[in-house]
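If you want the building blocks of each chain, they are given just below.
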Amino acid sequence: PDGRLAVLGSQDLIAKIWDKRTGTCVGRLFGHTRMVNAAAFSPDGATIATASSDLTARLWDVASGQCLHTLRGHAAALTSVAFSPDG
């Protein structure tokens, strides 16, 4: 990523994408049914991963805000998420 955007999870079930220069919300990622505990950009900045108390992780397209994949099967709330440096 170019460092212009930040992504944050929240208790309102939505991950929000923020423009760090203007301080404005430029995108919302809807789909989790419980708190979003963590979020991270992929190394190329094209994808966001989120981790939630709803026992899922999700992968999102940054440009469209669409959920690409929902990763199910966890036995407890997810509290962190990360991409490997090579994507």
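Up top you'll find the structure we're talking about.
Residues numbered from 1 in each chain as written. Predicted model: local features only at pLDDT ≥ 70, side-chain atom pairs only at ≥ 80, totals over all residues. Heavy atoms only, no water.

Quick word on the sheet that holds strand E2 (residues 15-19)
Whether parallel or antiparallel, the strands of a sheet pair through hydrogen bonds between backbone atoms. Quick note on the threshold: A pair of strands is considered paired only if DSSP assigns at least 2 bridges between the two. Helix and strand assignments follow DSSP, with helices taken as H or I runs no shorter than four residues and strands as E runs no shorter than two, numbered in order from the N terminus. Axis geometry follows a simple rule: fit a line to the C-alpha atoms, using only the stretch in contact for helices, then measure angles between N-to-C directions, giving values from 0 to 180 degrees.
Strand order across the open sheet formed by three strands is E1-E2-E3, with antiparallel pairing between neighbours. In the strand order of this sheet, the two ends are held by strand E1 (5-8) and strand E3 (24-29), each with one partner. Here the strands of the sheet are splayed against their neighbours by 25° on average, with no regard to which way each runs. Across five bridges, E2 lies against E3 in antiparallel orientation. By the bridge assignment for E3, Ala-15 is matched with Leu-29.

Comments concerning the pattern of salt bridges
Convention followed: Criterion for a salt bridge: a side-chain nitrogen of Lys or Arg within 4 Å of a carboxyl oxygen of Asp or Glu. We call a residue buried when its accessible area falls under 20% of the maximum for its residue type, exposed when it is over 50%, and partly exposed in between, using a 1.4 Å probe and counting protein chains only.
This model, assessed by the stated rule, comprises two salt bridges. The salt bridge involving Arg-4 is made with Asp-19; its shortest N-O contact spans 3.1 Å. Placement of Arg-4 in the segment before E1 and of Asp-19 in strand E2 is noted, with a sequence separation of 15 residues between them. Between Asp-12 and Lys-16 there is a salt bridge, and its shortest N-O distance comes to 2.5 Å. Judged by relative accessible area, which is 38%, Asp-12 ranks as partly exposed.

Quick word on the side chain of Lys-16
Which entries qualify depends on this criterion: In what follows, a contact means two residues having at least one pair of non-hydrogen atoms within 4.5 Å.
With respect to the element layout, Lys-16 can be found in strand E2. Not counting the four nearest positions on each side in its chain, Lys-16 is found in contact with Ala-6, Val-7, Leu-8, Ser-10, Cys-25, Gly-27 and Arg-28.

A word on the sheet that holds strand E4 (residues 36-41)
Spatial strand order, E4-E5-E6-E7: four strands in an open sheet with antiparallel pairing. Both outer strands of the open sheet, E4 and strand E7 (67-71), are each paired with one neighbouring strand and no more. Between one strand axis and the next, the sheet turns by 20° as a mean value, whatever way the strands run. In terms of strand pairing, strand E6 (residues 57-61) meets E7 through four bridges, oriented antiparallel. In the sheet register, Arg-58 faces E7, and the bridge partner there is Thr-70.

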